[in-house]
Amino acid sequence: FCLLLRSLSEAGIQNVHFMSHSMGAQSLLSVFENRDDNDLQSRSDASLMFKQDPAFGTDNALHGEGGQLMVCKNIMLLNPDFPLEPFIDRAFLSIRRICTNITL
């Protein structure tokens, strides 16, 4: 997944929209999961490829070489098969860091 994101960035893609259905929500949310649950700044490799919302700080250092930070415009989770408590406790914060428009 990170290779795909890096390729999009290197191709000049600036804006990205994600849509997942059912079990796809688990895959999508797992790639944006923080590396360390106790450290809110421990962003995943996929998360580091996107501009961070200013509400979370200004750590917008480019991840990888040859690309640019992309903007995640939308994340749509259609009938997500994902447990509610882990979503509220961890997953939402991980995706909210890079996207302000999240639809369930």
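Just above, that's the structure.
Values in this document were obtained by computation on a predicted structure and should not be read as measured data.

Caption draft 1: Molecular detail of the nonpolar core. Residues F18, F32, F50 and I75 are the most contacted members of the largest nonpolar core, which totals 20 residues. Of all the secondary-structure elements, those providing two or more residues to this core are β1 (15-21), α2 (24-31), β2 (71-78) and α3 (84-96). Residues contacting F32, with those up to four places away along its chain left out, are F1, F18, S44, A46, S47, F50, S94, I95 and I98.

Caption draft 2: Representation of the pairing of β2 within the structure. With 7 bridges connecting them, β1 and β2 associate as parallel partners. Residue pairing across strands places H17 opposite N74, the latter belonging to β2. Bridge count for β2 against strand β3 (residues 102-103) is 2 bridges, and the pairing is parallel. Its bridge partner being in β3, I75 is matched across the sheet by I102. The parallel pair β2 and β3 is bridged by α3, and the resulting crossover is right-handed.

Caption draft 3: Representation of the sheet that holds β3 in the model. Pairing within the open sheet is parallel, and its 3 strands lie in the order β1-β2-β3. Sheet topology places β1 and β3 at the edges, where each strand pairs with a single neighbour. α2 rests against β1 and β2 of the sheet, and its axis sits at about 140 degrees to β1.

Caption draft 4: Looking closely at the side chain of R43. Within the secondary structure, R43 is located in the loop between α2 and β2. In this structure the side chain of R43 is engaged in a polar contact, spanning 3.0 Å, whose partner is the backbone oxygen of F50.

Caption draft 5: Quick peek at the pattern of salt bridges. Throughout the structure, instances matching the rule amount to 2 salt bridges. With its nearest N and O atoms 2.1 Å apart, the salt bridge here joins D45 to R35. One end of the pair, D45, is in the loop between α2 and β2; the other, R35, is in the loop between α2 and β2, and 10 residues separate them in sequence. Judged by its relative accessible area of 33%, D45 is partly exposed. The class for R35 is exposed, based on a relative accessible area of 57%. Across the pair R96 and D53 runs a salt bridge, and its minimum N-O distance is 2.9 Å. In this pair, R96 sits in helix α3 while D53 sits in the loop between α2 and β2, placing the two residues 43 residues apart along the sequence.

The rules behind the values
- Residues numbered from 1 in each chain as written.
- Predicted model: local features only at pLDDT ≥ 70, side-chain atom pairs only at ≥ 80, totals over all residues.
- Heavy atoms only, no water.
- Core = buried A, V, L, I, M, F, W, Y, C linked by side-chain atoms within 4.5 Å.
- Buried < 20%, exposed > 50% of the residue type's maximum accessible area, 1.4 Å probe, protein only.
- Helix = DSSP H or I, 4+ residues; strand = E, 2+ residues; numbered from the N terminus.
- Contact = heavy atoms within 4.5 Å.
- Pairing = 2+ DSSP bridges.
- Right-handed = clockwise from strand over helix to strand, strands pointing away.
- Axes fitted to C-alpha atoms, helices over the stretch in contact; angles between N-to-C directions.
- Polar contact = N/O pair within 3.5 Å; in protein donor to acceptor, adjacent residues only side chain to side chain.
- Salt bridge = Lys/Arg side-chain N within 4 Å of Asp/Glu carboxyl O.

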